[in-house]
Structure formats: structure tokens, C-alpha cells
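Spelled out, the chains give:
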Number of protein chains: 4
Amino acid sequence: MIQVGIVGGTGYTGVELLRLLASHPQVEVSVITSRAEAGVAVADLYPSLRGHFDLAFSVPDVDVLSQCDAVFFATPHGVAQAMMPQLISRGVRVIDLSADFRIRDKALWEQWYNQEHACPELIDKAVYGLPEVNREAIAQAQLVACPGCYPTATQLGLIPLLEKNLVDPSDLVVNAASGASGAGRQGKIDNLLAEVSDSFKAYAGGGHRHLPEIEQGLTDVQPAGAAEVSVTFVPHLLPMIRGIHATSYANLIDTSLSEAELHALFVERYVDEPFVDVLPLGVHPQTRTVKSSNVCRISIFRPQGKGKVVVLSVIDNLTKGASGQAIQNLNIMFGFDEKAGLNQIALLP
Amino acid sequence: MIQVGIVGGTGYTGVELLRLLASHPQVEVSVITSRAEAGVAVADLYPSLRGHFDLAFSVPDVDVLSQCDAVFFATPHGVAQAMMPQLISRGVRVIDLSADFRIRDKALWEQWYNQEHACPELIDKAVYGLPEVNREAIAQAQLVACPGCYPTATQLGLIPLLEKNLVDPSDLVVNAASGASGAGRQGKIDNLLAEVSDSFKAYAGGGHRHLPEIEQGLTDVQPAGAAEVSVTFVPHLLPMIRGIHATSYANLIDTSLSEAELHALFVERYVDEPFVDVLPLGVHPQTRTVKSSNVCRISIFRPQGKGKVVVLSVIDNLTKGASGQAIQNLNIMFGFDEKAGLNQIALLP
Amino acid sequence: MIQVGIVGGTGYTGVELLRLLASHPQVEVSVITSRAEAGVAVADLYPSLRGHFDLAFSVPDVDVLSQCDAVFFATPHGVAQAMMPQLISRGVRVIDLSADFRIRDKALWEQWYNQEHACPELIDKAVYGLPEVNREAIAQAQLVACPGCYPTATQLGLIPLLEKNLVDPSDLVVNAASGASGAGRQGKIDNLLAEVSDSFKAYAGGGHRHLPEIEQGLTDVQPAGAAEVSVTFVPHLLPMIRGIHATSYANLIDTSLSEAELHALFVERYVDEPFVDVLPLGVHPQTRTVKSSNVCRISIFRPQGKGKVVVLSVIDNLTKGASGQAIQNLNIMFGFDEKAGLNQIALLP
Amino acid sequence: MIQVGIVGGTGYTGVELLRLLASHPQVEVSVITSRAEAGVAVADLYPSLRGHFDLAFSVPDVDVLSQCDAVFFATPHGVAQAMMPQLISRGVRVIDLSADFRIRDKALWEQWYNQEHACPELIDKAVYGLPEVNREAIAQAQLVACPGCYPTATQLGLIPLLEKNLVDPSDLVVNAASGASGAGRQGKIDNLLAEVSDSFKAYAGGGHRHLPEIEQGLTDVQPAGAAEVSVTFVPHLLPMIRGIHATSYANLIDTSLSEAELHALFVERYVDEPFVDVLPLGVHPQTRTVKSSNVCRISIFRPQGKGKVVVLSVIDNLTKGASGQAIQNLNIMFGFDEKAGLNQIALLP
């Protein structure tokens, strides 16, 4: 049984960590922090947790957090950076759900996040926490930077194609849609039910922060000599709470590859992955089939036999797209069963 | 490890049984029936179950079902009656989620369900499966009739008052609302998203089949000499999938009872119940705090100090209102931990 | 063609006034105020209005507003009070959508709204703007206080019974539910899609500000000698944008009245009302059948022939429950066709 | 005042025609047909129409329909074909909302709709009813084939680019999403609230019937010598009732064109169109800003200055995507003001 801490526990990824960790046989949550809610019982803020956690939120304290075996950061970007050096120097293993250490190019990070990076010396130490690509490095890591929600769905959908250089990497289109929980638990007019329910829209048409992360991740899996990755990424907002759906379009380099061959390739790539499920040919993934679960489901189409391959991939943005993947990383880091605490079946209907 | 069968597995209570039983340490589902989908893999109909069940639907067969230790009926009313005599005579223990054996008065059943009862000789054998009232009888029962969804929420909300004759039983008002999954998985225009989303309505204003069940259940807990129970029950349809909310109104007989005293009474009544949670004074239950869980959460108000007590109770209609409660009954019948397979935390947000 | 002003135009009742007034043949909106959005074009904040209004928001200015024939206040309570004396003294006719002048008992208002009333001298001048009761007084009024959304639905449902003293006024139960737009356009966590979508809850169980307004309005229509009105009112929050549904329960004094007789009474009461529609016996109102329209639809049930009458009434909270009713009042005040600008058919599906 | 008939009036496009025509100053609906609901009052099926229409559904009868000045077909594909020859020969002007006469290539139609065309001799007579392209031909037409919902949103978004050959027509990606009303008013499990609410999915990944229509329409506007149009079109299902959002991606031929220049081009193209609104640079369209209105709103992005142009276009699938556009065509055919009956402002919130 290890002791873990959660920094920034009042947001949706915080409560999702608690929901999942409650059934983890080897993990005990010993501290959860929130400046705003310090002193409030977790179960008072989230009645769904009544009877499962006796914890109260506390002000973040490095000394207390240092006594944990692992600490999750479920904070907005910019927060983890500030506390990271102290925790790292004390030997705590850290799983950061925020964007602080996802981008290896400091200048690129600062450009997209519009602020200076507070501890650039730790950027290189961070392992990008996509287990399907970096499992071994994650096992050894002290600092894991969990992928963003869109990047998780997108990369899992495109990696099999990029790894084998089957598509033109310079012309990738990713049309993605997310449930409203992705915007977090903040009192903004733009996220009111009366504003975003019963409607659909694209946003960040000029550029979304997850784009450089997607391009970096896809570049990482390319074979030597492949052309440069360039993605057009347009996110959309769904009138529902949980779920991400990525529809990715790529041009086949070798147009003789059939839909069935492409499908077989995906099946083979993920056959040993506990949380990636390639659906049978012709079946479309639905976000509800992964709601509350850590699974990514993927389908492949090659419509009308044209040179375009279409990949559909769905995740729950709060689970495989955030807290579930963070726990998957924890399990890898500590040598636990990778599925520990992550056996939830999607809630359907 | 016991073997269980599920009759009528394609509906929402069927897939909910599978979702919950997947994590039950002492139960294996060995057979699941559906005439319409015979031969189809369960995971093909419900992709959320991929990787969790290898079962296929089969045509219902008494010989096969008789080999199970227990059989769940997740069928529309009228179906369980037809197969029940054979299963009962072969010693199988049966948990019926349908309405077939809930009403002890045969004539009353036939009046509300508008058909003849097919095996009236078994009505008396059936134990009404509300563990908070009948736990000991359930443990001994061969045939358990699981309560309806509205009756579960309503009875749990009113029982503490009726048991002690604190309110006038002859003037109870129950205003309840249910998510659309309560109407089942049937292709009816009335249940289309385009019909019931973004709208709210009462239905069955002239009388709903759950009314006689509610009145029977409340009568059962009354002390000797109490007045006759009479309930005005109006159900409503919510534009969402899961959840029941019952708002019950009753007139206090002794108006000197304070809100705090009433609250204390509820806390005391349910202190040992694993699945009933009385919220702190002043907190309102939300259906999302029980979504996907087997919990009923309850609040008590006495507005403006008038003689009226208002009880708010919420459940997930597919869990505590159907399949979760059915498994709770199974656990009691077989001497398992009553919470086995039912540890899910509500999915929030 | 009259000139009207709107104070507090950025909220949902403000944009609803604009949507409706755009088709009003005798009204021109000449000024719309907002301190926060001063200088912003209305159509930039609400793109749905592009091509319909060239207005920009301006800082509220009594001199400018005084040049209008009529001014609507679409502000939170407390705001209209502050500007009212100046406007009234300059002879402007005012239609206040807020709660400032709804309650005639100053002490009661101050108790429920928890602040001192800023111009008690005008309370008596205000006419309560429920046309179905006060049409003649409205026609002469300089200051009209528009009813709240819940009070509109509730009173229209109960007035025919109270007017004739057919039910016990001392034991009325009103169980109501509202769409989330009722909470206004404010950036509060409690109103986020991720918080209130896919869930249902009661709120204000201890008492809601619309209660004294309901009791006052029902008392006003009672015949001499009737018993005192006492209402138990519990509001609920629906996971949708627009719509109010009130389910009202009352005990018949004369239990020989049949459902059909009660229905005939309602039909007769409202036969000449342009915006109240009594549905045929047995039909349940749905909020979607009034969405975007100024209509209130009503049904009457007497379940199981018990002594309880159940009235179901629905409105669109932003239309008949606010801005539509405000325009109906304007039409009455200025001698226009009462339906001018209010011919919208409900948006269904 | 002309007399119009509606064939197939029980579906969502039928009730939408009624909603809109109720406010049309020059049109009277004299007959509305439905075999299944013959004899039922329109307002009994759709209570939102109470007080607006006294019509009842009748069995379709060519003699009766022939007395109309115009007939709308709001039927599934295959129905209009069967009655068309008789109506056309009697001189009735017909506006077909179905797919029967949209595709000029008979073989292509039969391939995608999987049935023989019943009156191929009339295909050439049909004018494709997209006013922004064919206004003059529509004015003269006896038979107008109204565009599909996806094709309307897609073509309006891409036409300005295709007309001037600014993008590579051989590599167009259209990622579109529709509300559930697009599936019509049919009792199918796949469209239940409990199935499609709170979820998102692509469908018809292998090919959707609107694809050949889109490719035909885009080809029609190309200048001589342009390359062949080829579209990859993937539709998705939104958990809401109304709205279509098309996100279209194309590769600029001349990459020196700036985002502002592209925007100016769109503004210029549609400056005189009453129902196409090009939003300011940087503003994203939302489906709610066109809900219940006949407007198409469009935005143009050129993300990261790459060679890709992204066009966002939204319509209400039942209005500009069906019944509203049909009335717009009627107005053009009969020389009415093109906006008659179509002045509704989008319902927001």
C-alpha cells in the first residue's frame, strides 16, 4: 500500500482520481489539497464520495506532500512548475496531469502557454506519460507528464499509421470534439448549461494548445527519414459532460493498402494493450461506450476506396484523457498491475 | 462462485446486471437469454462490455436455466410468470426484476396490469425485495420480487415516517421524476431524443402501475391501528438517461416535531443500511450523486415550520431501482457480503 | 410606433425581449443599457440578433431613458428600485421584470430579499402584471411589476380553483421544476453544464422567494370569507434550458366535483384568454409545446377519484414567465393588440 | 394568398413547415396528408400548433392536391416519385424536400438509394433548390428538389472557394455533425434518448447518401478547367435536437491568400444573400445562433498560416436544411418576398 497525495483536488480531474483510487487495492490517498476549500471535507464538496473518503482538503504543504510515495498534480498549468523542484529533490515521484511538462521545447511551451516556464531544468527529466508508447521509460520515471485529453485520443488513433510511415505526415487533419467537463470546474459564463447545452461549435480555430503536443507526439514515433509532421487540428465543444471523439484524416502513401489491411495493422499494434480496443471493421465507436472507463476505442475507415484513411477514436476525457491514464502511469511506475483501480466498465446507457 | 442466468438480457436492466456482476467476486454469469438476439455476442450489442464478457445471447431454455444457482428475470411484466413454475419446482432461486410478483393482491395486480396472472399460486411465495424492510425474509426466499424504481425511492423516503405513524397516511403526495431509461429499450416514438430531450412532462396523471405497489409497501410498515394509506402519485419524465427523484409531502400528526428531530429519526433508521445515505440537514440530494451507484440519498425538510414534511430521495433507476437492488438481494439470499459487486462510486461529473 | 428602453439588456430576459420585440409592429427599441458591456454591439454579444438590431449597449442614463415611452427593467432585484423614482416622476411608463415591486407587504419583501426596500413609496403604485387577473388595472398603470416565472405558472394553474373556493386554500402543494436559464446568465459553478446537465435536484427546500408572491397572488383572487392561503412550494432544477412545469395538488372541498366538471371550469375561466390553453381531458402538457411561445398550457386530473385535484401547468420561463408577459403587459398598457409581437409558435421538436 | 398542400405532414419537416407557414402572409395550408394519422387533427399530434391550425390529416389524394397552387413533399425518399407525374401533368408546382430529384445522374441515385427510380423522365425537369446558386432557375421551375441538410451547410461553406478555384477540389474533407431530429420521427431504438443522449459518434463512415449530392453541387459551381471534385465526408450524431455544423478542410492552391482576404471573399460572395451570414474574423459559429431560423452562419480560418483553409458553417437542419429552405424556394417561385414567413430570430438561449 503506497501513500499518494493529490494537489488541486477540487477540480474534475481531482474528483475523478478519487473515484478511481477508491477501488485501487494498493493505493491510499493520504492528502488532498485545495487552498480555496481548505478544511472542507471532500465528501461535502462531492457527495458522491460520501462513505468512501474521510479526507478533508488542506492547504498544499511541501513537507506533507513529501511524505507521500507519489503525488498527482490535478492543477491548471503553471502550478505544478512552482512546487516541482522541491518535491523532485526530496525524491517524491510525481504524476502531473497538467500541461507543464508535456512539451520538451521550452520556447514552444512558452509561446503557446503565454508565460515563462518556472523550472525549465526539469523539462528533460519528465517522461511523456502515454503508456502505449513510453511504457518502459514511465516505469523508471520520477516525473511523468500525462498527455492532454485531445492528444491522447489523437495519438492513439494515428500512431499505427505514423510509426510505419503509411500516410503523408505533412497533411494530417484532426477534427475533435469534447464534452464540457474538459473546460474544468470554473464559474465561467461560456460553460453554463444555458450557453452550451443544445448547441455545438468549434473553438480555438486559430490554434489550440494541444496542437504542439500532438505534433511532438506524432513526430516521436516516426521512423527515420519520414517527412515533417503537420497537423490541422480543430476542436469542438459537445453539449454533454464526458467524452472525446477524434476524427482523423490522412492521405495514404501506398494506396494499395485495403481497409481490412489497415484494420489488421491497428489490431496488431494494440493487441497487448489493456486499454486500447480496436473495434471490428465497420463498427463506429461511441463516446458512451467508454464513459467512466479508461478505454480508448478505435475504428478505421477508408471511404469509397479513396486515398484517404479516416480513424475514429474515443476516450473519456476525464479517465483515459486525464485521471485514469495518470493512475495507469502510477501503476507502471510502481510495478502494480497496470489495470489496478481501472476495471470500471463504461456506464451504458 | 455461483452460476447465474439472466432472462431477457438485451434491455437496460440486463446490461446493467452485466456491468455490475462483472466485478462481483462470487458470481459468474453462465447464461443470458434473448429470443430476438439469440446467437449475438453480448459485447456486439453492448460494446461497453468488450473484454469483460464472452457470452452470447441464447434462446431461453428451462433446462439450461435450471442449472444455474440463481436466475434473474430482466423482462417486461408477464414473462416471468410463464416460466416461473418450472424454475421454482426445480429448486432454482429466482430474482424477478419485473412487476409480476410485486403485488400480493392478485385482483389488484390484474386490474393495474390489465391481464390475467399466469401463476397466482406463486404470488404468496414471493418475498418483496426491499432489503431495508425485508432483509431476513429475503435471505430465506426462493423467489424475490424486486421493487419498482419509483416504489424504491418513494418507500425509502417515507418508511421512517410511516413506521412510527408520524404523518397522516391518508394524505400522502408523491411527486416523482425519472430519467428516460425507465421506459426501457424499445423503439417507440415517444422516447426518441427528439421527442423527450429538452422537455419535461408529467405522465400517467390518471394512475401509474407503481401506485398500488407503493401503497402496499407503505401499509406493510405501519404500526397496528394506523389509518389507511392513500397516496397521490404523479410521475414525470426527465430529459436525461438515469435517475429518479421523489419529492414526497406528508402532514405531520405531531407538529411539535422539529426538522432536526425528523432528520435524526431518519439518520437513526438507516444508520446500519449500506445503501441508504441520509444527507446532512439542509443539503439537497442530486440524482448525479447516485448515478451508476446502488445508493439512495435522502433529505428531510419542514418548510416554513408548517405542518408539512417534505422528503427528497434519489436513486439511479437502473441500479438501486432495478439491477443493483437485484444483486443486493442475491447477496442476501446467498450469504455474500451485501455490498459485493456494488461498490461503484457515482459518476460525477 | 413607440420608443422603448431596456435596462440590463445582457441577461437572458434582455435578449428574449429583443427576440420578441423584433417582430412587434408598433415598438422600436431605442436604447438598451449595460454597464459591463457599454459600447458593445448587441449583435456581437448575441449573434442570433445579427441583422435584426443595430443597437449597442450603453451606460444607463435617466435622461436618455426618460425619452422612451416605456422602459423595461430586466435587472436583478434591487436595481429597478434605485432608478424608479426619477423615471416615474418624469412620466415614463415602466415594466419591471424583476422582483422589486411584486410584493405589496414591504416587510415581507425585505424579509425574503434580505435588504431594505429603496423606494417603498412606489410599492402601492405598482400593478401586479398578471393580465389574466389584472388586465384593467394594467391598462391604466404607470408601473407594472411582472410576476415571477414560478408564480406565473402556479397562479394560472390554481386561480380557477381558488377564485371559486373549490379547494382547501390552507393545504396547497406546488411541486415545480425550471430549466437552467432561470438562474440567469451568471458565471457560477452551480450552473455549469458539467454540474447541472444529466442530473435533477430540488433546491431552496427551506423556502424560495417566489413563495410569498404565490401566496399573495392566490389570496388576491379568493372570495370573501375563504380560509387563509398556505402553500408548500418546492422548486427543482431541470437539465435543460427553457421551461417551467408546475404540478399543483389541492384538496377538493366538494368531492362530488368530477374531473370533467373541473376541466369545464378551467376551460370556461380561460376561454377568452389569448395565452392560456386548457388541454383536452387526459392530455399532459409538455414544456416543449410552449418553448419560445407566450402560452401557458394547463391540464387537470383527479387521480383515482380521490379528493385530490392535480393541476399541471407549463410555460416558457423566459417568455410567459418573463419577457413575453412583459410585452403582453406593454400591449395592454398602450392599447395595442395583446398578441402583438407574441405570435411565435413553440419550437417543436 | 396561395393554397398549398403538404404530403407527409407528420414528420419533423412537416411540423416545421406548419410552424413557419403560420406566419406567412401569402400562404394558406389547405391540405396536409398522412395515411397513418388520417382524420387526426394536426394540433392533436402537435399541441404546439393549437390555436394556429384547424387542419386534420387526410389520406393523400391527387385530385385534392391538384387544387393547390403548390405542394410540398415532406416524405421519405421514394414517395414523391410515385405521385409526381400526375401532379406535374396537372400543372401543380412541387417543392420536394426528399432526396428523390436531387441527383441528376439516375444511375448514381439508384446506387446510393438502393432502388430503382420511379420517374426518371422528371429528373431533368427538377431544379436543385439552393437559392444561393440557382435563384433564377428556381423562379421558373415547376419542380424544385430541395437540398439535403448536410449538403446545404457544406455547399454554402465551400462554394466561394470552389467557384474561384482557390482550393484543390480533389482533396476536400467535410466533417459534419447533426442533431438527432435529422433521423426523423421514427420509432427506432438507435434514436432513443437513452441511446444517443450524452454520447457522440460518427456514422456512415463507409459512405453517406449526401456525399454524391455534395460532390454534384460543388462540381456545378466550378469554373471550366477545374480539377474533379472529390470529398471525404464523415457525418456525426450530436446529443441534441436541432442543428448542423460542418467543418470543411481544403488545401489552398495559392497559399499567398491571407485569412483576411479569404474572409473578404466570403463576405463579398454572400453580401446580398438574405440567409447567409459571414461572421467577423475570428468568431466561431454556434448552432444555437441559427436554431429555429433560416440562416446559415459561416466562419473562415486559416490555422497557423498553413496551406489549409477551414470553413465552419452552421444551419438548423429542419429550417435552412429543410422546411425553411423549401419555403424560401416557394417564395422565389411565386415572386413573394424571399424572407416571407422566414423572419424568425434564432432561439437563444
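Residues numbered from 1 in each chain as written. Chains lettered and ligands numbered in written order. Predicted model: local features only at pLDDT ≥ 70, side-chain atom pairs only at ≥ 80, totals over all residues. Heavy atoms only, no water.

Participant: Pulling in residues and values, what's your account of the overall build of chain A?
Facilitator: Each helix and strand counted, chain A has 11 helices and 14 strands in total. Its C-alpha atoms give chain A a radius of gyration of 20 Å, near enough to 20 Å, the size a compact globule of 349 residues would have. Taken over 349 residues, chain A has a buried fraction of 68%. A fraction of 71% describes how many contacts in chain A between residues 6 or more apart in sequence connect residues 24 or more apart. Of the accessible surface of chain A, which amounts to about 10800 Å², a share of 47% is contributed by carbon and sulfur atoms. Counting 25 positive and 37 negative side-chain charges, chain A places the centres of these two groups 4 Å from one another. (Helix = DSSP H or I, 4+ residues; strand = E, 2+ residues; numbered from the N terminus. Rg over C-alpha atoms; globule rule 2.2 N^0.38 Å. Buried < 20%, exposed > 50% of the residue type's maximum accessible area, 1.4 Å probe, protein only. Contact = heavy atoms within 4.5 Å. Areas by Shrake-Rupley, 256 points an atom, 1.4 Å probe, with all protein chains shown as cover. Lys, Arg positive; Asp, Glu negative; His and termini not counted. Charge placed at Lys NZ, Arg CZ, Asp CG, Glu CD.)

Participant: Talk me through the pairing of strand 8 (residues 172-178) of chain D; I want residue IDs and the actual numbers.
Facilitator: Residue and element names in this part refer to chain D. Among the seven residues of strand 8, seven are classified as buried, and the element is accordingly described as predominantly covered. Of the two faces of strand 8, the one holding Leu172, Val174, Ala176 and Ser178 and the one holding Val173, Asn175 and Ala177 are both buried throughout. Bridge count for strand 8 against strand 10 (residues 231-237) is seven bridges, and the pairing is parallel. By the bridge assignment for strand 10, Asn175 is matched with Val234. (Pairing = 2+ DSSP bridges.)

Participant: Would you mind going over unusual backbone geometry in detail, with residue names and values included?
Facilitator: Omega for the bond connecting Leu348 of chain B with Pro349 of chain B falls within 30 degrees of zero, at 0°, which places this linkage in the cis form. Relative to the helices and strands, Pro349 of chain B resides in the segment after helix 11 (319-333). At Ala204 of chain A, a position not held by glycine, the phi torsion is positive, near 55°. Summarising the element assignment, Ala204 of chain A is placed in the loop between strand 9 (201-202) and helix 9 (210-220).

Participant: Could you give an account of the interface of chain D and chain A, naming the residues involved and the relevant values?
Facilitator: Where the parts come together, the accessible area they lose is often given as the size of the interface. Counting from both sides, the interface comprises 47 residues of chain D and, opposite them, 47 residues of chain A. For the pair chain D and chain A, the two sides together bury roughly 3700 Å², of which 52% comes from carbon and sulfur. On the surface where chain D and chain A come into contact, there are eight salt bridges. Here Lys306 of chain A ties to Glu215 of chain D by a salt bridge, and the two come within 3.0 Å at their closest N and O atoms. Counting every contact that joins chain D to chain A gives 29 residue pairs in polar contact (both at pLDDT 80 or more). Only strand 8, helix 8 (193-196), strand 9 (201-202), helix 9 (210-221), strand 10, strand 11 (244-251) and strand 14 (308-315) of chain D provide two or more residues apiece to the side of chain D that touches chain A. Each residue belonging to the side of chain D that touches chain A can be placed in one class, and the counts come to 23 nonpolar, 15 polar and nine charged. (Buried area = accessible area lost by both parts, 1.4 Å probe. Salt bridge = Lys/Arg side-chain N within 4 Å of Asp/Glu carboxyl O. Polar contact = N/O pair within 3.5 Å; in protein donor to acceptor, adjacent residues only side chain to side chain. Nonpolar A, V, L, I, M, F, W, Y, C, P; charged D, E, K, R; others polar.)

Participant: An account of the relation of the copies chain A and chain C is needed here, citing residue identities and associated values.
Facilitator: Here two copies of a chain appear, and what relates them is a rotation about an axis with a shift along it. Its rotation angle being 180°, the transformation that places chain A on chain C also includes 0.0 Å of axial translation and leaves an RMSD of 0.0 Å. What the superposition gives is, in effect, a two-fold axis relating one chain to the other. Of all interface residues in chain A, 100% are interface residues in chain C too; the two copies therefore contact each other through one and the same surface. (Least-squares fit on C-alpha atoms with pLDDT ≥ 70 in both.)

Participant: Let's hear about the pattern of salt bridges: which residues, and what values?
Facilitator: As enumerated under the stated definition, the model contains 72 salt bridges over all chains in all. Of the charged contacts in the structure, one is a salt bridge between Arg242 of chain A and Asp316 of chain A, with a shortest N-O distance of 2.9 Å. Here Arg242 of chain A is found in the loop between strand 10 (231-237) and strand 11 (244-251), whereas its partner Asp316 of chain A is found in the loop between strand 14 (308-315) and helix 11 (319-334), with 74 residues between them in sequence. Across the pair, exposure class does not vary: Arg242 of chain A and Asp316 of chain A are buried alike. In this structure, Lys320 of chain D engages Glu132 of chain D in a salt bridge whose closest nitrogen and oxygen atoms are separated by 2.8 Å. Of this pair, Lys320 of chain D sits in helix 11 (residues 319-333) while Glu132 of chain D is found in helix 6 (residues 131-140), placing the two residues 188 residues apart along the sequence. Glu132 of chain D matches Lys320 of chain D in its accessibility class, with the two residues each being buried. The network of salt bridges with common partners includes Glu16, Arg19, Arg242 and Asp316 of chain A.

Participant: Describe the packing of helix 1 (residues 12-21) of chain B against helix 11 of chain B, naming the residues involved and giving the relevant values.
Facilitator: Residue and element names in this part refer to chain B. Where helix 1 meets helix 11, the axes come as close as 9 Å, and the angle between the chain directions of the two elements is 50°. For the element pair helix 1 / helix 11, the angle class is oblique. Helix 11 is crossed by helix 1, and the crossing has right-handed handedness. Residues Thr13, Glu16, Leu17, Arg19, Leu20 and Leu21 of helix 1 form the contact with helix 11, whose own contacting residues are Thr319, Ala322, Ser323, Gly324, Ala326 and Ile327. By residue class, the composition of the contact of helix 1 with helix 11 is six nonpolar, four polar and two charged. (Axes fitted to C-alpha atoms, helices over the stretch in contact; angles between N-to-C directions. Parallel < 35°, antiparallel > 145°, perpendicular 65-115°, else oblique. Left-handed = near helix turned anticlockwise from the far one by under 90°.)

Participant: Go over the sheet that holds strand 8 of chain D with me, naming the residues and quoting the values.
Facilitator: Residue and element names in this part refer to chain D. The strand order across the open sheet built from seven strands is 9-10-8-11-14-13-12, with neighbouring strands paired in mixed fashion. Either end of the sheet is taken by a strand with one partner, and the two such strands are strand 9 and strand 12 (276-278). With five bridges joining them, strand 13 (residues 296-301) and strand 14 adopt antiparallel strand pairing. By the bridge assignment, Arg297 is partnered in strand 14 with Val314. Of the strands in this sheet, strand 8 and strand 10 touch helix 9, which is tilted by about 135° from strand 10. Sitting on the sheet, helix 10 (residues 259-270) touches strand 12, strand 13 and strand 14, and the angle it makes with strand 13 is about 160°.

Participant: Run through the confidence of the model for chain A, naming residues and quoting values.
Facilitator: Counting all residues, the mean pLDDT for chain A is 97, and 100% of those residues have values of 70 or more. Here the predicted complex carries an ipTM of 0.97, next to a pTM of 0.98. (pLDDT = per-residue confidence, 0-100.)

Participant: Provide a residue-level description of the relation of the copies chain D and chain A, including the pertinent values.
Facilitator: Mapping chain D onto chain A calls for a screw motion: a turn of 180° about the axis and a shift of 0.0 Å along it, with 0.0 Å RMSD after fitting. Taken as a fraction of all interface residues of chain D, those also at the interface in chain A reach 100%, which identifies the copy contact as same-surface.

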